[in-house]
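# Overview (structure and organization)
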Amino acid sequence: MTYSEPARTTTRRIPRILVAGLLVIIAAIAAALGYQSLASKSSTAASPVDVLRSEHRGALGEADGVVPDGVTVFDDEIPGVTNLDPALLGALRQAATDAAGDGVEFFVDSGWRSPKYQNQLLRGAVSEYGSEEEAARWVATAETSAHVSGDAVDIGPFDATAWLSEHGADYGLCQIYSNEPWHYELRPEAVDHGCPPMYADPTQDPRMQR
Ligand SMILES: [Zn+2]
């Protein structure tokens, strides 16, 4: 009893505001842990770009790099495709030609983007994911995005990215981030040496440091 007496006194003295604050922190940690396990399980889910794109379609046009549904790598009118780096586009078309022999078609979910489009995606991601830090795992800034420079393409659907993960290196086409199975860039040396190891997500990529 001599030991429990001071403990009870201490308990009574903890202000309610502290208890409430502690509960908020515990809830936040639980939510973060829940989110992480959810995120790691959903690597094959739709690209955040797919989700965000529909929200911004009204404000942005094809001239900003918005790609309508059903556009393939062979399109020669949509800026999101035609503004891609010619070497990347050439490799994609060569790969898509060979994939067609396997009954697989490459669609462009997103390709080149204007800085305006990229910044809207980033703003959307910050409100979607709740913080700039979390958003940075998925969406780059206009200054750092390989989409804005025309050096990256998001390919769909699943059978196309599955084909690319098996054969892409033969064309210099490499997946760069483990958390983005749809995102491909040109790594010409991959033809001889295979694709470089992937980054877990864009925050691990030195190019994304700002
Ligand atoms: Zn991408």
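Quick summary incoming for the structure in this document. These numbers were taken from a predicted model, which means no experiment stands behind them.

### Looking at the environment of Ser145
As for its placement among the helices and strands, Ser145 is situated in the loop between α7 (132-135) and β2 (152-156). Here Ser145 falls in the buried class, since its relative accessible area comes to 6%. With residues near it in sequence (within four places) discarded, Ser145 still touches Arg113, Gln118 and Ala140. Here His147 takes part through its backbone nitrogen, which lies 3.0 Å from a polar atom of the side chain of Ser145.

### Digging into the sheet that holds β2
In space, the four strands of this open sheet follow the order β1-β2-β4-β3, with antiparallel pairing throughout. Here the strands that pair on one side only, and so sit at the sheet edges, are β1 (107-110) and β3 (173-175). With strand direction ignored, the average angle separating the axes of adjacent strands in the sheet is 50 degrees. Its contacts with the sheet put helix α8 (residues 158-167) on β2, β3 and β4 (183-186), and the angle it makes with β2 is roughly 120 degrees.

### Considering the coordination of the zinc ion
Within the protein, His147 (NE2), Asp154 (OD) and His183 (ND1) serve as the donor atoms for the zinc ion, at 2.0 to 2.1 Å. In primary-sequence terms, the residues that donate to the zinc ion follow H-x6-D-x28-H. Of the two residues, Asp154 sits in strand β2 while His183 sits in strand β4, which places them 29 residues apart along the sequence. By the burial criterion, Asp154 is buried, and His183 matches it.

### Topic: the packing of aromatic side chains
Centre-to-centre distance and the angle between the planes together describe a pair of aromatic rings. On inspection of all chains with the given rule, the structure shows four aromatic pairs. Aromatic side chains Phe106 and Trp163 sit 5.8 Å apart centroid to centroid with 65 degrees between the ring planes, which places their arrangement in the edge-to-face category. Of this pair, Phe106 sits in the loop between α5 (86-100) and β1 while Trp163 sits in helix α8; the two residues are 57 residues apart in sequence, bridging distant segments of the chain. Judged by relative accessible area, which is 2%, Phe106 ranks as buried. Both rings, one in Tyr177 and one in Tyr199, keep their centres 6.2 Å apart while their planes meet at 35 degrees; by these two values the pair is tilted.

### Structural notes on the environment of Ser114
Relative to the assigned elements, Ser114 resides in the loop between β1 and α6 (115-129). A sequence separation of 49 residues divides Ser114 from Gly65, and the C-alpha atoms of the two residues are 6.1 Å apart. If sequence neighbours within four positions are ignored, Ser114 has contacts with Asp64 and Val148.

Cut-offs used in this document
- Residues numbered from 1 in each chain as written.
- Predicted model: local features only at pLDDT ≥ 70, side-chain atom pairs only at ≥ 80, totals over all residues.
- Heavy atoms only, no water.
- Helix = DSSP H or I, 4+ residues; strand = E, 2+ residues; numbered from the N terminus.
- Buried < 20%, exposed > 50% of the residue type's maximum accessible area, 1.4 Å probe, protein only.
- Contact = heavy atoms within 4.5 Å.
- Polar contact = N/O pair within 3.5 Å; in protein donor to acceptor, adjacent residues only side chain to side chain.
- Pairing = 2+ DSSP bridges.
- Axes fitted to C-alpha atoms, helices over the stretch in contact; angles between N-to-C directions.
- Donors = N, O, S within 2.8 Å, 3.2 Å for Na, K, Ca; no water.
- Phe/Tyr/Trp six-rings, centres within 6.5 Å; stacked < 30°, edge-to-face > 60°.

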